[in-house]
Amino acid sequence: MKILAIETSCDETSAAVVSKNSEQNHVKVLSNVISSSLMLHSKTGGIIPDVAAREQLKYIIPVIQKAIENSKLKIKNLDAIAITQGPGLIGSLLVGVEVAKTLSYIWKKPIIPVNHLFGHIYANFVDPKNKIEFPALALLVSGGHTDLVLVKSHNNFKWLGGTRDDAAGEAFDKIGRLLNLPYPAGPTIENLAKKGDEKAFNFPRPMIGSKDFDFSFSGLKAAVWRETKKIGLFDDKTISDICVCVQKSIIEVLVRKTIKAAKETKAKSILLGGGVAANQKLRDELKLKIENLNPEINFFFPEKILCTDNAAMIGAYAVFHPGKKLWSKIYANPELYFQ
Ligand code: KG4
Ligand code: ZN
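Just so it is clear, the structure is predicted and the values come from calculations on it, not from any experiment.

Caption draft 1: Representation of the coordination of the zinc ion (ligand 2) in the model. Protein coordination at the zinc ion (ligand 2): the donors are His-116 (NE2), His-120 (NE2) and Asp-309 (OD), at 2.0 to 2.1 Å from the metal. Here the zinc ion (ligand 2) is ringed by four donor atoms whose angles at the metal span 94 to 137 degrees, and the overall shape comes out irregular. Going along the chain, you hit the donors of the zinc ion (ligand 2) in the pattern H-x3-H-x188-D. Here Asp-309 lies in the loop between α10 (304–307) and α11 (312–320) and His-116 lies in helix α4 (residues 116–122), a separation of 193 residues in the sequence. The same class applies to His-116 and to Asp-309, which are both buried.

Caption draft 2: Quick look at the pairing of strand β5 (residues 111–115). Counting buried positions along β5 gives five out of five residues, so the element sits mostly inside the fold. The pairing of strand β4 (residues 80–86) with β5 spans five bridges and is parallel. Bridge pairing in β5 places Ile-81 opposite Ile-111. Note that the unit made of β4, helix α3 (residues 90–107) and β5 has a crossover that is right-handed.

Caption draft 3: Summary view of the environment of Leu-57. Relative to the elements of secondary structure, Leu-57 occurs in helix α2 (residues 49–71). On the accessibility criterion, Leu-57 (58% relative accessible area) is exposed. It is 9.7 Å that separates the C-alpha atoms of Leu-57 and Thr-8, two residues lying 49 residues apart in sequence.

Caption draft 4: Up close: the site of ligand 1. Close contacts around ligand 1 come from 20 residues, with Gly-143, Asp-173, Glu-190, Gly-275 and Asn-279 the closest. A distance of 3.3 Å separates an oxygen atom of ligand 1 from a polar side-chain atom of His-116. Backbone polar atom of Asp-309 to an oxygen atom of ligand 1: 3.1 Å apart, as the coordinates give it. For ligand 1, whose unbound accessible area comes to 560 Å², protein coverage reaches 89%. Every element with two or more residues in the shell around ligand 1 is listed here: α4, α5 (168–178) and α6 (186–193). Here the residues of the shell around ligand 1 are counted per class, giving six nonpolar, eleven polar and three charged. No fewer than three residues from each of domain 1 (2–123 + 306–329) and domain 2 (132–301) sit in the shell around ligand 1.

Caption draft 5: How the structure looks around the pattern of salt bridges. Under the counting rule described, the total for this entry stands at 19 salt bridges. Here Arg-54 and Asp-50 are joined by a salt bridge, their closest N and O atoms 3.3 Å apart. One end of the pair, Arg-54, and the other, Asp-50, are both in helix α2, four residues apart, so they sit about a helical turn from each other. For Asp-241, the salt bridge goes to Lys-237, with nearest N and O atoms at 2.9 Å. Taken together, the residues Asp-241 and Lys-237, both in helix α8 (residues 236–265) and four residues apart, mark about one turn of the helix. Under the relative-accessibility criterion, Lys-237 is labelled partly exposed at 46%.

Caption draft 6: Structural detail: the side chain of His-116. Classification of His-116 as buried rests on a relative accessible area of 6%. Polar contacts involving the side chain of His-116 include one to the side chain of Asp-309, which spans 3.1 Å. Discounting residues that sit within four places of it in the chain, His-116 has contacts with Glu-7, Ser-9, Thr-84, Gly-86, Pro-87, Asp-309, Met-313 and Ile-314.

Caption draft 7: Local environment of the sheet that holds strand β2 (residues 12–19). In space, the five strands of this open sheet follow the order β3-β2-β1-β4-β5, with mixed pairing throughout. The strands lining the two open edges of the sheet, one partner per strand, are β3 (28–36) and β5. Looking at each pair of strands side by side, their axes are set apart by 20 degrees on average, direction ignored. Each of β1 (2–7), β2 and β3 touches α2; the most contacted strand, β2, lies at about 25 degrees to it.

Caption draft 8: Up close: the domain arrangement of the protein chain. According to the domain assignment, the protein chain consists of domain 1 (2–123 + 306–329) and domain 2 (132–301). Computed over C-alpha atoms, the centres of domain 1 and domain 2 are 27 Å apart. Counting residues at the interface gives 19 residues for domain 1, matched by 19 residues for domain 2. Both sides together, the interface formed by domain 1 and domain 2 hides about 1500 Å², and carbon and sulfur atoms give 71% of it. It is His-120, Ile-121 and Cys-307 that lose the most area in domain 1 upon contact with domain 2, and together they represent 36% of the buried surface on that side. At the boundary of domain 1 with domain 2, the tally comes to zero salt bridges. Across the contact surface, domain 1 and domain 2 share three residue pairs in polar contact (both at pLDDT 80 or more). At the level of secondary structure, the elements contributing two or more residues to the side of domain 1 that touches domain 2 comprise α1 (38–44), α4 and α11. Each residue belonging to the side of domain 1 that touches domain 2 can be placed in one class, and the counts come to ten nonpolar, nine polar and no charged.

Caption draft 9: Quick look at the sheet that holds strand β8 (residues 156–162). On the basis of which strands lie adjacent, the open sheet formed by five strands has the order β8-β7-β6-β9-β10 and mixed pairing. Because the sheet does not close on itself, it has two edges, and the strands there are β8 and β10 (298–300). When strand polarity is set aside, the average angle formed by the axes of neighbouring strands in this sheet is 20 degrees. Direction of pairing for strand β9 (residues 269–273) relative to β10: parallel, over a ladder of three bridges. What sits directly across from Ser-269, in β10, is Asn-298. On the sheet, α8 packs against β6 (136–141), β7 (146–153), β8 and β9 and is oriented at approximately 160 degrees with respect to β6.

How each quantity is defined
- Residues numbered from 1 in each chain as written.
- Chains lettered and ligands numbered in written order.
- Predicted model: local features only at pLDDT ≥ 70, side-chain atom pairs only at ≥ 80, totals over all residues.
- Heavy atoms only, no water.
- Donors = N, O, S within 2.8 Å, 3.2 Å for Na, K, Ca; no water.
- Tetrahedral: all angles 85-135°; square planar, octahedral: opposite > 155°, others 65-115°.
- Helix = DSSP H or I, 4+ residues; strand = E, 2+ residues; numbered from the N terminus.
- Buried < 20%, exposed > 50% of the residue type's maximum accessible area, 1.4 Å probe, protein only.
- Pairing = 2+ DSSP bridges.
- Right-handed = clockwise from strand over helix to strand, strands pointing away.
- Near = heavy atom within 4 Å.
- Polar contact = N/O pair within 3.5 Å; in protein donor to acceptor, adjacent residues only side chain to side chain.
- Areas by Shrake-Rupley, 256 points an atom, 1.4 Å probe, with all protein chains shown as cover.
- Nonpolar A, V, L, I, M, F, W, Y, C, P; charged D, E, K, R; others polar.
- Domains from an automatic or database assignment.
- Salt bridge = Lys/Arg side-chain N within 4 Å of Asp/Glu carboxyl O.
- Contact = heavy atoms within 4.5 Å.
- Axes fitted to C-alpha atoms, helices over the stretch in contact; angles between N-to-C directions.
- Buried area = accessible area lost by both parts, 1.4 Å probe.

Have a look at this one:
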């Protein structure tokens, strides 16, 4: 099966061509083109939905054209078009969805609608070395979401818990803003943290001991805000100290809850996904704690380019769930969740 996948849920415009045959348990990425309007948003300190949608409009056709060209396939060889249906920004989603519907109508190819959140989980199915066994526990950590999901099989998912307020990536970004760091702040905080003293501040670990699998990161943001008010003008050393302590708090909570869920669900694999999964410290800490829990549990995370938003992960989900639909049945749904 060969699919053209399109992702436009936020500020990345991406198209990919992926393939999978019935014997394979992984997805082959033939091309994955990503154009990001992040530089524009870094100037405004966050995403302005209107600006993101206009940028999607500018790049969608060239990006699709390039993805098909790079794949060396002809349009006639494609079996379907996969599209991110939601969640995301309505303006951005509409660009991808309406372009996919138009191409579907003209090319006479069915559409496979994909939930962006499942896409992040399926980024782990791209690497042929990943032998993912079920049940698999997925920790999805992105700018908009922080969720623990049990993947019992390709067609049986159970949502275990998620954030009650800010997502992990959102916490990095909002705290970065307090420190005058460019948007998105996650990668900058990770870098600055390398020079910081992790004992300098003792920020809260919200909900770390709660019995459920929920998260909350807004209290951490408030604690950092209070600290910055107390300090007033701060130097580079203090910023690095705050960065390492914030990163430590977020990672400790994510790791503790994931290990608790792995124990309770008897997961055979653990999958990491979403933009925050690009954080090396999170990968290292989780790997260590999983090995301590049970060395038989396999731990997987996508390569960094597949952690942040991209169309290859949308294609990856689609080839495992090829529920083809007519273009007229497809609509954007910004509120889509795990369902
Ligand atoms: O998955 P993604 O590209 O977009 C959403 O679906 O939300 O994730 C973007 C988020 C941003 O909040 C960004 O700060 C965070 O991922 N992020 C990181 C790192 N790289 C990206 N957070 C921590 N460390 C990183 N290295
Ligand atoms: Zn995402």
